[in-house]
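Summary of structural features
Here are the chains, one letter per residue:
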Amino acid sequence: MLEKNISKYLMVIACSIMIFFSGCYSKNSNTSLSQELINRINSTDAIESNTALLLLPHIALTGEDINHITQLYYKEKDLIKKLFLAYVLSVRTQEQKYVNAFIELYPLGKAQKPIWHIVQNETDYINVASPLQSQLATYAMYDSKALRKLVSGYKFADGANAEMLSTQLIGIYKKHPIKILKELKNNNIPPSRIGIN
């Protein structure tokens, strides 16, 4: 079941990329696809900027592209946008400093709601649940701070985010049951609430 959901999710990403660029990118231009997306990060149109940030982890990036995104990351003052840039860099480079930055910038508990809102309502990126949450869940497999932040959002999640979060926590539980049970207890979440009996 999870594999089918992942396949659907990847198909949705591919369709999102095609839809996003069907009206705004031409193969005849001198700008590469990655450069076009990077140029849109600082767009005054929030939807355009957020869409670019969510699509960048899914396309090939050159060293020059990474350098440009890195410069934007270090200059960025807005913590949510900086989190999105750290997300791009952590996924594309796998460098521990960006993984750590992403985890550090990811908010606790109720403060995660603006991220879910942006991903669901302020982007043309079609998704089931937050890809930032999914990335945090990947890091939560081995990083205790990432796990603490992931679990802390459960009480405030709803809809697809809550459903995906339950699936992610159950997946981590299968490999690290003691860690999950401890974090659930710290957050006063009964294990049965997420489907752990």
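Counting its regular elements, the protein chain contains 11 helices and 0 strands. Starting at the N terminus and ending at the C terminus, the protein chain contains elements arranged as α-α-α-α-α-α-α-α-α-α-α. Every one of the 197 residues in the protein chain was classed for burial, and the buried ones make up 47%. Considering only contacts within the protein chain whose residues lie at least 6 apart along the sequence, 64% involve residues at least 24 apart. Carbon and sulfur atoms provide 54% of the accessible area of the protein chain, an area that totals close to 10,400 Å².

Looking at the protein chain, pLDDT values average 88 and 85% of them are 70 or higher. Looking at the elements of the protein chain, mean pLDDT is at its lowest for helix 1 (residues 2–22), recorded as 48, and at its highest for helix 6 (residues 96–105), recorded as 98. Of the regions scoring below 50 in pLDDT, residues 1–8 engages in 1 contact with residues more than four places distant in sequence or in other chains.

In this fold, I66 is placed in helix 4 (residues 63–75). Accessibility expressed as a relative area gives 16% for I66, which makes it buried.

Attention shifts here to the packing of aromatic side chains. The final tally for this structure, using the stated rule, is 6 aromatic pairs. Residues Y73 and Y74 carry aromatic rings whose centres are separated by 4.9 Å and whose planes lie at 75° to one another, so their mutual orientation is edge-to-face. Relative accessible area serves as the criterion here: at 8%, Y73 is assigned to the buried category. Arranged with centres 5.7 Å apart and planes meeting at 65°, the rings of F102 and Y106 form a pair that is edge-to-face. Ring-pair connections join several aromatic residues into one group, and the members of that group are Y87, F102, Y106, Y139 and Y142. Positioned above the aromatic ring of Y73, the side-chain terminus of K82 is 4.3 Å from the ring centre.

The rules behind these values
- Residues numbered from 1 in each chain as written.
- Predicted model: local features only at pLDDT ≥ 70, side-chain atom pairs only at ≥ 80, totals over all residues.
- Heavy atoms only, no water.
- Helix = DSSP H or I, 4+ residues; strand = E, 2+ residues; numbered from the N terminus.
- Buried < 20%, exposed > 50% of the residue type's maximum accessible area, 1.4 Å probe, protein only.
- Contact = heavy atoms within 4.5 Å.
- Areas by Shrake-Rupley, 256 points an atom, 1.4 Å probe, with all protein chains shown as cover.
- pLDDT = per-residue confidence, 0-100.
- Phe/Tyr/Trp six-rings, centres within 6.5 Å; stacked < 30°, edge-to-face > 60°.
- Lys NZ or Arg CZ within 6 Å of the ring centre and 35° of its normal.

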